[in-house]
Amino acid sequence: MIATALTDLWHGFGVALEPHNLWWCFVGVLVGNMVGVLPGMGPLATISILLPLTFGMKPVGAILMLAGVMYGAQYGGAICSILLNLPCHPPHAVTCLDGFPMTKQGRGGVALGLTVFASFVGASWGITEMIFLSPLLVKAALQFGPAEVCSLMLLGLLAGSTLARGSPLKGVAMTVLGLFLGSVGTDLETGSERYTFGMTELDDGIELIALALGLFDIAEFMSSVNQIAPINTKYTNVRLSDMRPSKADFKKAFFPMWRGTIVGSLCSLIPGTGPTIASFVAYATEKKISKHPEKFGTGLIEGVVCPEASTHSSVQGDFIPTMSLGIPGDAVMALLLGALMIQGIVPGPQLISQHPDIFWGLVASFWIGNILLVLLNVPLIGVWVKMLAIPYRFLYPSALFFVCIGVYAANNDFFQVGEVVVIGAFGYVLLRLGFHPAPILLGFVLGPRFEENFRRAMLIARGDMTVFVTRPISAVFVALCVILIGTQIYVRMRGSKSVVPDVTDHGGPSPPISPELQPQRIPVTPAE
């Protein structure tokens, strides 16, 4: 198996190193690194804006670029957390706790240097995990019938909605709304129209691009319109020589870095979790086993490298269930799943055998992209920090312009522009009411496939619902769903407050930070 995987990986490098694919990989990681620095402009909003561009691209180049934006944003997010105490995205909120105190001690460069190293190690582990685990998952998934696939998707939908920050009931409500929106249009089985209200433009359903741009761009811009506070760049003058850690620093960082990597890789295998949960679990674990837990929050190297390694390991590992099983773990992965489906490619067990260029080219591009990020991140730190001086009144209107151009260019249809505006206004209302729209995208992408497999299972079983508990694999997934729901009910009944952060890279206020470490500007509270 190892020899086969290495042979396939060699083929993937041949695909990824083709000039046009290498170019799109570079564009993706460069844009991702840039938007990772900007509060609110996270990977989900950026991928939404770039999605119409992929219509005229080859599938391999398109997915390499979008994936590069996703993991590239994680590198940029650490810069602001350490130098500015500004957690631009939730996964890096915990990095502020020890990263910014190190900066105030004059060791911000060391923190950045070790973060780059820990990030590369965590990402490399996640990529290796994908190389060897994905084929095994595919072999197991090929034994799945419609009942097993339906139960697995149900587990992914429940995990994605109930593990998110805030009320699990609100998360489930948003998932159900996503399932409803995914059913709009012509029923492929019967040919009848569903919930179109007589509008022929909705016969093909709501466009994924319109939904993503409305929920995660327009709604976000409306939430961020009053962001006018300046950024304090007092500690941002970091030279390349300042980023060179000592042997003692490496010694302190070595084991916490690997522990964070393992935690992140385990979290990535659980549907519904993501880099934010992984980073907080890794930080809590490291603090628990430390001989000096009281020193965490005062500028410990362990408190920086552990969550950052966990974040990158989780981000790369999230591709395993998405590409191998077609089950996205969060909204960003759901959007990448939708991008593949737009290209006519259905992710799942058949992806590796039917489209080896895409799968193994993507895996190889991860190595290339992470090396590019290490080379780009160090010399461009000053440039990225200066970008924070761009006033919001210039940044967001320009992004809004590209949103409108992108959604119109997709099909040359003004109706979709109206869709984006309506969905954006609705998303803003949801935000104000405390409903985070990220589960909507998860339900929208998985809904049609869930319905299709449910119908197949019912046809095969002649309408017998017990098929979901009489088939062993399906029964395991159903049991996990029951355990997940039971755990949430138990926690709610005990009156415990949910402290689990948002599972995506682009939503909700960051988890609480001690008063003296509060950021100079509160990041945007967008819709994930």
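Just above sits the structure.
Keep in mind the model is a prediction, meaning the values are calculated, not measured. (Residues numbered from 1 in each chain as written. Predicted model: local features only at pLDDT ≥ 70, side-chain atom pairs only at ≥ 80, totals over all residues. Heavy atoms only, no water.)

**Some words on the environment of Leu362**
Here Leu362 shows up in helix H16 (residues 356-377). Judged by relative accessible area, Leu362 falls into the buried class, the value being 0%. Counting along the chain gives 297 residues from Leu362 to Met65, while the straight-line C-alpha distance between them is 9.6 Å. If we ignore the near neighbours within four places in the chain, the residues touching Leu362 are Ile63, Leu64, Ala67, Phe319, Met323 and Asp357. (Helix = DSSP H or I, 4+ residues; strand = E, 2+ residues; numbered from the N terminus. Buried < 20%, exposed > 50% of the residue type's maximum accessible area, 1.4 Å probe, protein only. Contact = heavy atoms within 4.5 Å.)

**Some words on the packing of aromatic side chains**
Counted according to the given criterion, the structure contains 10 aromatic pairs. Seen from their ring centres, Phe454 and Phe468 are 5.9 Å apart, and the 5° between their planes marks the pair as stacked. Of this pair, Phe454 sits in helix H20 (residues 438-460) while Phe468 sits in helix H21 (residues 467-470), and the two are 14 residues apart along the sequence. Classification of Phe454 as partly exposed rests on a relative accessible area of 29%. Residue classification places Phe468 among the buried positions, given a relative accessible area of 8%. Over the ring of Phe435 we find Lys170, and its NZ or CZ is 5.0 Å from the ring centre. (Phe/Tyr/Trp six-rings, centres within 6.5 Å; stacked < 30°, edge-to-face > 60°. Lys NZ or Arg CZ within 6 Å of the ring centre and 35° of its normal.)

**Digging into unusual backbone geometry**
Positioned with a positive phi, Tyr195 is a non-glycine residue whose angle comes to about 55°. For Tyr195, a relative accessible area of 45% corresponds to the partly exposed category. Phi is positive for Arg462, which is not a glycine, with a value near 60°. By the secondary structure assignment, Arg462 is in the loop between H20 and H21.

**Description of the nonpolar core**
Judged by nonpolar contacts, the single largest core of 85 residues is most densely connected at Phe319 and Leu441. Excluding residues that lie within four positions of it along the chain, Leu441 makes contacts with Leu44, Leu208, Leu211, Phe216, Ala331, Ala334 and Leu335. (Core = buried A, V, L, I, M, F, W, Y, C linked by side-chain atoms within 4.5 Å.)

Function cannot be inferred from these measures alone, as they are strictly geometric.
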